[in-house]
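A look at the structure
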Amino acid sequence: MSWSDTVTLVFRTVGRRAVRTLLTGLGVALGSGLLVALVTISSAADTNVISRLSHGGPVTAIKVAAAVPQPDQLDSDSFQSRGIHYLDDQSVAVIRRSRYVQSVVPVMTSEVLAVPPKGDPIFGLMVGTDLGQLGNLPITILAGRMPSPDSMTEVAVASSYLDHFHLAPAQAPSVLSTQLALASPRRESSGQVRFRGRWFRATIVGVVAQQVADGDFIVPIEQTRLAREWAVSGLPDPDFPLLASQYTGLIVVATTLDHVHDVRAEINDLGYATSAPEHLIATVQRYLHVVDIVLGGIGTVALVIASLSIAGTLLAAVHERRREIGVLKAIGARDRDVLRWFLLEALVVGVIGGIAGSIAGIGVAELLGLGVNNYLVRQGLGGVDLTSISGLVVLGGVAGSALLALIAAAAPALIAARLPAREAVAGE
Amino acid sequence: MRGSLGIPPLALRVTRRDQTGITRPRFQDVFNPPSGSGTIVPVFAREPVVPIAGNDLQVTHAQEAVGGARVIVRGLRHRYGSGDLALTVLRGVNLEVLPGAYIALTGASGAGKTTLLSILGGLEPPSEGEVVVGDFAVAKLHGDRLAAFRREMVGFVFQHFGLLAALTALENVELALSLSGRGARARRRKAIELLADVGLEARMHHLPKALSGGERQRVAIARAMANDPKLILADEPTGNLDPGAAGLVMEHLERLRKRTGCTVIVVSHNPAIAERAELSYRLEDGMLALTA
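Thoughts on the pairing of strand 10 (residues 287-290) of chain B
Residue and element names in this part refer to chain B. The side-chain alternation of strand 10 yields two buried faces, one formed by Met-287 and Ala-289 and the other by Leu-288 and Leu-290. Where strand 9 (residues 279-284) meets strand 10, 4 bridges bridge the pair, whose relative direction is antiparallel. Counted as the bridge partner of Leu-283 is Leu-288 from strand 10. The hairpin formed by strand 9 and strand 10 contains 2 residues between the paired strands, and Asp-285 there has a positive phi angle of roughly 55°.

Here it is in structure tokens:
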């Protein structure tokens, strides 16, 4: 019997036993749906937790300070420094050459006085960096957007700015589009004026949670470079020794999480203090792995139950169709024709159930994601993205269900194939 | 088996070998039944057919049909189970059916009629003995060769019709053609012809459940004829039919047999059906006896 004839036979048989097929398919759908939902949610949660640990940036991001590391620096996730070590383009070039380094983003901070439309002026730090490499920076946008990479009139404020006005994170949009007058100070030589400011106006275009460097205002690096040039052109200030360093810090992204430690060691050898949540992430990942195993186990048990349902249904079908199988053999079908018939039938049920289950699973995950996101946003945190892995999970769910259906059908199909042709006349 | 395969047409030979002590009809009893016997009725007046009664039977047909298979059974024994639970159904059956013959097998329930039919058709292997259908030593066939034998040589007609419930009448017939590897268009054309032959061209797209018993059996006959078999084995083909439908089914079967010349062996409880055959045999206590 040809494949196409077998497929026709399978669809006719399946269609004739629509209710049973539907129930079996639903069993598979529930199993695969549960597994897909659990995998989707746990993957998204894992990503989100790790992302939170890395403050919205890449999990392999390493912060480098213009400082000399302490001997125990590599044993700690945070900076352990003991003196200034200027960071310049030469050091950046050396770090970039490491084979485990994916990118290096320079960071420059500068003192600033900000005058908001209402309320008291704020003394703070302006953080300048390459905003064209936003994906490599530990920044989470809470509202609005980031300034354009080369804009000199846009600024993003950190959540500390909201604290200044006693605003909750959910009220972040209220500060968008307001204008700030910002001034970088320069120490003057004498007279009554000790400091003179370099003033500029900027519109708040975004509110962010950021860990690039200590600071309240995030601007393109050109803005801080001009501010530092302004400051350096005045008298030296012993309170700000880093003004002479080309960069105050770097954000270095390692190629993989496994190489974070290696990159930190290389930078440590160059004489710079580093900070990265590598130990924390490793510990959290171990716990998340346990959670994944438990969730995956629950889903797998559901799928095994579904596969047992397929096996049970097919065994019942074999029992019911003993005579039909016998007749089929009596008119010349080979054992492998019967085997193919039953395997294809299971495959059809598995694929139908897998598609339905995967779609339902994604739907359930999306619904849960909506609830979770509402909660996270209310807490001033970033939401969970459940859409980026949907396609892969659906494919995996369908393929897994089909494979499981075939495995579950193997024994019943073999039993059917080995039934003697005499079944055609059994009981007569 | 003492009969020769080279028996000339119209030859008459009678042998009797019965060591069981059971009274069996003799040749002369067949042609001159004892008064009051009632069960032995000569029915093959149309053609000169030579029966050999007892456990060593030869049946010849006057004119060997080109489309039929010769069937030879030698020393056939069959039992189910083993040890104390063994049940011997056939106790040494010998039979020769020449190509194109039309014979009936009768007997009480459990006498082994269906078992004999199953062995002839390759549905189950015999415990002992030799079965030859055409050029095939059936008892020695296995796997794909046995499937090919059933596909190419034999057409089965079952009491329960044996139609696949999920397929229409046309698809049931096509299924048999599909197994022999015919192309879609060719098998569709032939299936329609076969169904038209049994008067079901208007019902070919109906599922079996929408057909009457007689119609289902006609579909089964069309399917049995699909691959131009040399041997038709019909197991109680009218067992589930009313007399009218039974008669119609047998008419179709006999008409197709005449047209194709295939050998037909029918198992039936129904004396009227048995009487339609050229020869009628009775299975009793695992032995075969000619009754008519």
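Thoughts on helix 8 (residues 322-330) of chain A
Residues spaced three or four apart along an α-helix face the same direction, because each turn holds 3.6 residues. All names here are of chain A. The buried fraction of helix 8 amounts to 7 of the 9 residues, a majority that puts the element mostly inside the structure. Within helix 8, the full set of buried residues consists of Glu-324, Ile-325, Gly-326, Val-327, Leu-328, Lys-329 and Ala-330. Gly-332 lies just past helix 8 and shows a positive phi near 115°.

Describing unusual backbone geometry
The backbone of A:Ser177 sits at a positive phi, close to 70°, despite the residue not being glycine. Relative to the helices and strands, A:Ser177 resides in the loop between helix 4 (159-164) and strand 8 (179-187). The residue B:Glu236 is not glycine, and still its phi comes out positive at about 45°. Within the element layout of this structure, B:Glu236 appears in the loop between strand 7 (231-235) and helix 7 (243-260).

Description of the interface of chain A and chain B
Each partner contributes to the interface: chain A provides 20 residues, whereas chain B provides 25 residues. Only helix 1 (3-16) and helix 8 of chain A provide two or more residues apiece to the side of chain A that touches chain B. Taken together, the residues of the side of chain A that touches chain B sort by class into 9 nonpolar, 3 polar and 8 charged.

What to know about the confidence of the model for chain A
Per-residue confidence for chain A averages 84 on the pLDDT scale, and 93% of its residues sit at or above 70. Per-element mean pLDDT across chain A ranges from 75 in helix 2 (residues 18-53) of chain A up to 95 in strand 10 (residues 217-220) of chain A.

Notes on the confidence of the model for chain B
Residue and element names in this part refer to chain B. Averaged over all residues, the pLDDT of chain B equals 76, while 77% of them reach at least 70. Overall, residues 1-66 carries pLDDT values under 50, and its contacts beyond four positions in sequence, including any with other chains, amount to 126 contacts. If you check the scores for this complex, the pTM reads 0.61 and the ipTM reads 0.77.

Observations regarding the sheet that holds strand 7 of chain B
Residue and element names in this part refer to chain B. In spatial order, the strands read 6-7-8-3-9-10; together these 6 strands make up an open sheet with mixed pairing. The open sheet has two edge strands, strand 6 (154-157) and strand 10, and neither has a second partner. The average angle at which neighbouring strand axes cross in this sheet is 20°, direction not considered. Taken together, the 5 bridges between strand 7 and strand 8 (residues 263-267) define a ladder with parallel strand orientation. In the sheet register, Leu-231 faces strand 8, and the bridge partner there is Thr-263. Across the sheet, helix 6 (residues 213-224) touches strand 6 and strand 7, and the angle it forms with strand 6 is around 170°.

Observations regarding the environment of B:Thr238
All names here are of chain B. Relative to the helices and strands, Thr-238 is located in the loop between strand 7 and helix 7. The spatial distance from the C-alpha of Thr-238 to the C-alpha of Val-157 is 9.8 Å, given a sequence separation of 81 residues. When neighbours within four sequence positions are excluded, Thr-238 is seen to be in contact with Ala-246, Val-249, Met-250, Ser-268, Asn-270 and Ile-273.

Observations concerning the nonpolar core
Core analysis: the largest hydrophobic core is formed by 138 residues, its most contacted members being B:Val173, B:Leu195 and B:Ile221. Apart from residues lying up to four places away in sequence, B:Leu195 is in contact with B:Ala169, B:Leu170, B:Val173, B:Leu200, B:Glu201, B:Met204 and B:Ala222.

What to know about the sheet that holds strand 1 (residues 71-80) of chain B
All names here are of chain B. Across the sheet, which stays open at both edges, the 4 strands sit in the order 2-1-4-5 with antiparallel pairing between neighbours. Since the sheet does not close on itself, it has two edges, and those belong to strand 2 (87-97) and strand 5 (136-137), each with one partner. Here strand 4 (residues 128-133) runs beside strand 5; their pairing, made up of 2 bridges, is antiparallel. Paired with Val-133 across the strands is Phe-136, a residue of strand 5.

Remarks on the packing of helix 4 (residues 169-179) of chain B against helix 5 (residues 184-197) of chain B
All names here are of chain B. Between helix 4 and helix 5, whose axes approach to 9 Å, the crossing angle comes to 125°. One finds that helix 4 runs oblique with respect to helix 5. In this structure, helix 4 crosses over helix 5, and the sense of that crossing is right-handed. Touching Ala-169, Leu-170, Val-173, Glu-174, Leu-177 and Ser-178 of helix 4 are Arg-187, Arg-188, Lys-190, Ala-191, Ile-192, Leu-194 and Leu-195, all from helix 5. Of the residues contributing to the contact of helix 4 with helix 5, the split by class is 8 nonpolar, 1 polar and 4 charged.

Rules of the game
Note that residues are indexed from 1 along each chain, following the sequence as it is written. All chains are assigned letters beginning at A, and all ligands numbers beginning at 1, according to the order in which they are written. Totals for whole chains, interfaces and linings use all residues, but because this is a predicted model, local features are given only for residues with pLDDT of at least 70 and pairs of side-chain atoms are given and counted only at 80 or more. Burial in this document is a count-based property: other C-beta atoms within 10 Å of a residue's C-beta are tallied, and the residue is buried at 20 or more, exposed at 12 or fewer, or partly exposed in between, with C-beta positions derived from the backbone. The way it works is that DSSP assigns letters per residue, a run of H or I at least four long becomes a helix, a run of E at least two long becomes a strand, and they are numbered from the N terminus. Strand pairing is assigned whenever DSSP detects at least two bridges linking the two strands. Contact between two residues is assigned whenever their backbone-derived C-beta positions fall within 7 Å. Gly is placed with the polar residues, together with every amino acid not listed as nonpolar (Ala, Val, Leu, Ile, Met, Phe, Trp, Tyr, Cys and Pro) or charged (Asp, Glu, Lys and Arg). Predictor confidence is given residue by residue as pLDDT, running from a minimum of 0 to a maximum of 100. All axes are obtained by fitting lines to C-alpha atoms, using only the stretch in contact for helices, and the reported angles, taken between N-to-C directions, cover 0 to 180 degrees. Think of a nonpolar core as buried Ala, Val, Leu, Ile, Met, Phe, Trp, Tyr and Cys residues, each tied to the set through C-beta atoms within 7 Å. By the definition adopted for this analysis, an angle is roughly parallel if under 35 degrees, roughly antiparallel if over 145, roughly perpendicular if from 65 to 115, and oblique otherwise. Two helices cross in a left-handed way if the nearer one is turned anticlockwise from the farther one by less than a right angle. They cross in a right-handed way if the turn is clockwise.

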